[in-house]
Amino acid sequence: MSAIQNMPINPSVLRLLWKAVSEINYQTLLSLPDRDLSQVITQKVRDRVVLDSEEAQKLDVYLTSRLLLIRDLADAI
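Residues numbered from 1 in each chain as written. Predicted model: local features only at pLDDT ≥ 70, side-chain atom pairs only at ≥ 80, totals over all residues. Heavy atoms only, no water.

Asks: Quick question: what am I supposed to make of the overall build of the protein chain here?
Replies: If you tally the helices and strands in the protein chain, you get five helices and zero strands. Seen in sequence order, the protein chain has helices and strands lined up from the N terminus as α-α-α-α-α. Taking 77 residues into account, the globule formula puts the C-alpha radius of gyration at 11 Å, and the protein chain, at 12 Å, falls close to it. Within the protein chain, the fraction of its 77 residues that count as buried is 32%. (Helix = DSSP H or I, 4+ residues; strand = E, 2+ residues; numbered from the N terminus. Rg over C-alpha atoms; globule rule 2.2 N^0.38 Å. Buried < 20%, exposed > 50% of the residue type's maximum accessible area, 1.4 Å probe, protein only.)

Asks: Got a minute to help me understand the pattern of salt bridges in this structure?
Replies: If the charged atoms of two oppositely charged side chains come close together, the side chains can form a pair. Enumeration over the complete set of coordinates arrives at six salt bridges. Across the salt bridge formed by Glu23 and Arg48, the nearest N and O atoms sit 2.6 Å from each other. Here Glu23 is found in helix H2 (residues 11–23), whereas its partner Arg48 is found in the loop between helix H4 (34–46) and helix H5 (53–75), with 25 residues between them in sequence. Connected through salt bridges with shared partners, the residues Lys19, Glu23 and Arg48 form a single ionic network. (Salt bridge = Lys/Arg side-chain N within 4 Å of Asp/Glu carboxyl O.)

Okay, structure coming up:
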């Protein structure tokens, strides 16, 4: 496990991430390949806040580890 994976993400960035997820159509959440979905969500976060490279990397690691959860939540709608 890398050092980045062990570092906490800024709580405001996490809130923005989950807000971005909630704003994306559930069909999109279910249909996009992982990499594309990750990019869409990350771009929505970046539209609202400037991330330095370390924070962007932590966000990517976190988001990648949560894609299955995101799809499960979308599938439950």
